[in-house]
Amino acid sequence: MRVCILYDSKHGTTEKVARAIKEAIEEYASVEVKRVSEVTTLGDCELVIVGTPIYYEKPLKSILEFLEKHSEELEKKKVAIFIVCFAVAFRSLVRWHIQNHYIKPLKERIRGEIVGTLMLRGGIGNIGEGEIEKAKRWAFRLLDF
Ligand SMILES: Cc1cc2nc3c(=O)[nH]c(=O)nc-3n(C[C@H](O)[C@H](O)[C@H](O)COP(=O)(O)O)c2cc1C
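Residues numbered from 1 in each chain as written. Predicted model: local features only at pLDDT ≥ 70, side-chain atom pairs only at ≥ 80, totals over all residues. Heavy atoms only, no water.

Asker: Just to check I follow, could you spell out the site of the ligand for this structure?
Answerer: Contacts to the ligand come from 20 residues, most closely from Ser 9, Thr 13, Ile 54, Tyr 55 and Gly 123. Backbone polar atom of Phe 86 to a nitrogen atom of the ligand: 3.1 Å apart, as the coordinates give it. Where the shell around the ligand is concerned, the elements lending two or more residues are helix H1 (13-25), strand E3 (47-55) and strand E5 (78-85). Ranked by residue count, the leading element in the shell around the ligand is E3, at 3 residues. Classifying every residue of the shell around the ligand by side-chain character gives 10 nonpolar, 8 polar and 2 charged. (Near = heavy atom within 4 Å. Polar contact = N/O pair within 3.5 Å; in protein donor to acceptor, adjacent residues only side chain to side chain. Helix = DSSP H or I, 4+ residues; strand = E, 2+ residues; numbered from the N terminus. Nonpolar A, V, L, I, M, F, W, Y, C, P; charged D, E, K, R; others polar.)

Asker: Any chance you could explain helix H4 (residues 95-107) here in plain terms?
Answerer: Every α-helical turn comprises 3.6 residues, leaving residues that sit three or four positions apart pointing alike. Over its 13 residues, H4 extends only 16 Å from the first C-alpha to the last, a length that falls short of the 18 Å expected when each residue adds 1.5 Å. Every buried residue of H4 is listed here: Ile 98, Tyr 102, Ile 103, Pro 105 and Leu 106. Against the buried residues of H4 lie E3, strand E4 (58-59), helix H2 (61-69), E5 and strand E6 (113-121). (Expected span 1.5 Å × (residues − 1). Buried < 20%, exposed > 50% of the residue type's maximum accessible area, 1.4 Å probe, protein only. Contact = heavy atoms within 4.5 Å.)

Asker: What is the right way to look at the state of the cysteines in this model?
Answerer: By definition, a disulfide is the covalent link that joins the sulfur atoms of two cysteine residues. Summed over the entire model, instances satisfying the criterion amount to 1 disulfide. Note on cysteine connectivity: Cys 4 is disulfide-linked to Cys 45, with sulfurs 1.6 Å apart. Here Cys 45 lies in the loop between strand E2 (30-35) and E3 and Cys 4 lies in strand E1 (residues 2-7), a separation of 41 residues in the sequence. The residues Cys 4 and Cys 45 share a single accessibility class, namely buried. (Disulfide = S-S within 2.5 Å.)

Asker: Would you mind going over the pairing of E2 with me for this structure?
Answerer: Sheet analysis places E1 next to E2, joined by 6 bridges and oriented parallel. Within the sheet, the bridge partner assigned to Val 3 lies in E2 and is Val 31. In this view, the connection linking E1 to its parallel neighbour E2 by way of H1 has right-handed handedness. (Pairing = 2+ DSSP bridges. Right-handed = clockwise from strand over helix to strand, strands pointing away.)

Asker: Just to check I follow, could you spell out the environment of His 101 for this structure?
Answerer: Secondary-structure assignment places His 101 in helix H4. Taking the relative accessible area as the measure of exposure, His 101 reaches 35% and is therefore partly exposed. The sequence separation of His 101 and Ile 54 amounts to 47 residues, and the corresponding C-alpha distance is 9.7 Å. Not counting the four nearest positions on each side in its chain, His 101 is found in contact with Glu 57, Pro 59 and Trp 96.

Asker: Is there a simple way to explain the environment of Leu 47 in this structure?
Answerer: Within the secondary structure, Leu 47 sits in strand E3. The spatial distance from the C-alpha of Leu 47 to the C-alpha of Ile 25 is 12 Å, given a sequence separation of 22 residues.

Here's what the structure looks like:
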């Protein structure tokens, strides 16, 4: 299976997750990881994993624009999304808020099949090992064997 992990990141946390996911699945799939600004086409990617941090209550603009720009291509792909933010620390208290303000703007822009959604608690340039492990297990489950 050909997997593209596409992300943007201001302080490196989301990038760490993207690279950890690659490490977890590269034994089982052909994987590339890129910042969205480096992507011109999705080519033969079968599964596209898109990662964004949340800033000021929104996913990064670069990610939203990327999803809009590539919406036709994404229509034919499996898509999975992950977000990295502080709010996940508050668990059920903010579940509605996360779904409506953080996840919904991403889902609204994806016409392809959404096969997974993951929310991670991230700091500014750092993230706990537990969250990294969660991301690795999640990505592994996305693969078609
Ligand atoms: C200026 C600033 C604004 C932020 N705004 C939010 C926010 O609105 N909601 C939230 O849950 N996390 C917020 N965060 C937390 C980031 O999403 C989190 O630290 C993330 O791991 C940063 O990822 P990055 O290092 O890949 O940029 C904010 C962080 C900073 C520094």
